[in-house]
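Structure assessment
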Amino acid sequence: MDIKTLGIAMAAGIASVLAVYSAIHAGAAGFPLLVLGALPIYIAALAWGTHAGVAASIMAIIVAATLISPQAGVAIGLSLTIPASIIGHQANLAQQTDDGRMEWYPLSQLLFNLTLILSLALVVMGYMMDYNAYADRPEIAQTVTEFLRQNPTPTPLTDEEVSQLTQSVFRLLPFIFAGMWLIVHVINIQLASLICRGSGILPRPKDDVPGTADMPKAGLGILVISLLSVMFLSGPLQSIAAVFTGCFLMAYALVGLAATHQQARNNPVSFIFLILSYIIIILFFAPLFLFAIGGVIRTFSNTSTSPPPPSAGQNHS
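I will try to describe carefully the structure that is included in this document. Nothing here was measured: the structure is a model prediction, and the numbers come from that model.

Turning to the overall build of the protein, a few remarks are in order. Looking only at helices and strands, the protein has 14 helices and three strands in total. Counting every position in the protein, which comprises 317 residues, the buried fraction comes to 45%. For the protein, the proportion of contacts with a sequence separation of at least 24, taken over those separated by at least 6, is 78%. Accessible surface, the protein as shown: approximately 16400 Å² in total, 70% of it carbon and sulfur.

Right, dumping it as structure tokens:
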């Protein structure tokens, strides 16, 4: 890695941390900056290669640990920069086929890898934070009580009911956050691809996302096991299962949306349905998971045109 690339990587790492740092101090208004925290790392990895992506990730972790706290450095690394550097590296893997074509690392495997990496990273973060212990803390119950005071229910809740509500929120939160965080990374890698391709510095050609978005069948096994675990386990194991369920269910929802996009091509009726679907998703969010059924169907029927993963990759950055 030359000096120029190292400088770009360092700037990307600093930009990533500054986005997160600004978001923390801006409150709710800073959420867009938090969402874009992984974007500089993806750009560095996609356009300047694996070494740049890894260097940017390390730089971000060091700066976050120094500027904010060591815990923040680990959290930023696990949730943002490490997944971005790994997926950015894999996106540039390709091999030459017998007929002289370049076969790039398939989109379906990239989505599966991202989903699995994020699931594991969020579980590790939860363990480091001792997430389940937070549900029993008095200040958490007090926050919920204050929220209910400002938004009163028709029938006032007792302290025991507030405690039960708090526990329910903490059981549901890993599921919701994991799914949303997968969307955050998908948005970032899409934006990074557009920026790098528009600048003429992206080696990978444009993917036909609606036609090739898919998940390996192994993902179905993970989803089924995690769903069953959420239903029959409790405590920390249930929270771990909820993270995997949220991530993998959202991945299949994205595949289902891609299939809907493909059907909407040159089909006015399907296009209108697609627009209405996005409006409903923006308003209510939860219907997004209904598209997971379409994603599972696509995986079973293999209607995507995604090629198999290269047996031996070569980085083309």
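Right, let's talk about the layout of surface pockets for a bit. What the largest pocket holds in volume is close to 1100 Å³. Of all the secondary-structure elements, those providing two or more residues to the lining of the largest pocket are α2 (31-35), α5 (70-91), α6 (107-129), α9 (159-198), α10 (209-212), α12 (235-264) and α13 (268-284). For the lining of the largest pocket, the leading source of residues is α9, giving ten residues. Among the residues making up the lining of the largest pocket, the classes are represented as 29 nonpolar, three polar and four charged. Its volume calculated, the second largest pocket comes out at about 810 Å³. Forming the walls of the second largest pocket are 29 residues, and the residues nearest its centre are Leu-122, Met-125, Gly-126, Met-129 and Phe-177. Elements represented by at least two residues in the lining of the second largest pocket include exactly α1 (3-26), α5, α6, α7 (131-134), α9 and α12. Considering only residue class, the lining of the second largest pocket consists of 23 nonpolar, five polar and one charged.

Right, let's talk about the environment of Ala-23 for a bit. The topology assignment puts Ala-23 in helix α1. The exposure class assigned to Ala-23 is buried, which follows from its relative accessible area of 8%. Separated by ten residues in sequence, Ala-23 and Leu-33 place their C-alpha atoms 5.5 Å apart. In this view, Ala-23 contacts Gly-30, Leu-33 and Leu-34; residues no more than four positions away in its chain are not counted.

In this sheet, strand β2 (residues 102-104) lies alongside strand β1 (residues 93-96) in antiparallel orientation, the contact comprising three bridges. The partner of Gln-95 across the bridge, within β2, is Glu-103. Turn length for the β1-β2 hairpin, with the two strands adjacent in sequence and antiparallel, is five residues, and the turn residue Gly-100 shows positive phi of about 90 degrees.

Where two aromatic rings form a pair, the distance of their centres and the angle of their planes describe that pair. Counted under the stated rule, the structure contains four aromatic pairs. Here the aromatic rings of Phe-177 and Trp-181 are separated by 5.2 Å at their centres, their planes lie at 20 degrees, and the arrangement is stacked. Within this pair, Phe-177 and its partner Trp-181 are both found in helix α9, separated by four residues, close to a single helical turn. Between Phe-244 and Phe-248, the aromatic rings sit 6.5 Å apart at their centres with planes inclined by 10 degrees, giving stacked as the arrangement. Here Phe-244 and its partner Phe-248 are both found in helix α12, four residues apart, which amounts to about one turn of the helix. An aromatic cluster of three or more residues is present, and its members are Phe-112, Phe-244 and Phe-248.

Cut-off values and rules
Residues numbered from 1 in each chain as written. Predicted model: local features only at pLDDT ≥ 70, side-chain atom pairs only at ≥ 80, totals over all residues. Heavy atoms only, no water. Helix = DSSP H or I, 4+ residues; strand = E, 2+ residues; numbered from the N terminus. Buried < 20%, exposed > 50% of the residue type's maximum accessible area, 1.4 Å probe, protein only. Contact = heavy atoms within 4.5 Å. Areas by Shrake-Rupley, 256 points an atom, 1.4 Å probe, with all protein chains shown as cover. 1 Å grid on protein atoms, 1.4 Å probe; cavity = no way out; pocket = protein on both sides within 12 Å on 5 of 7 lines; lining within 4 Å. Points joined across faces, edges and corners; volume = space filled by probe spheres on them. Nonpolar A, V, L, I, M, F, W, Y, C, P; charged D, E, K, R; others polar. Pairing = 2+ DSSP bridges. Phe/Tyr/Trp six-rings, centres within 6.5 Å; stacked < 30°, edge-to-face > 60°.

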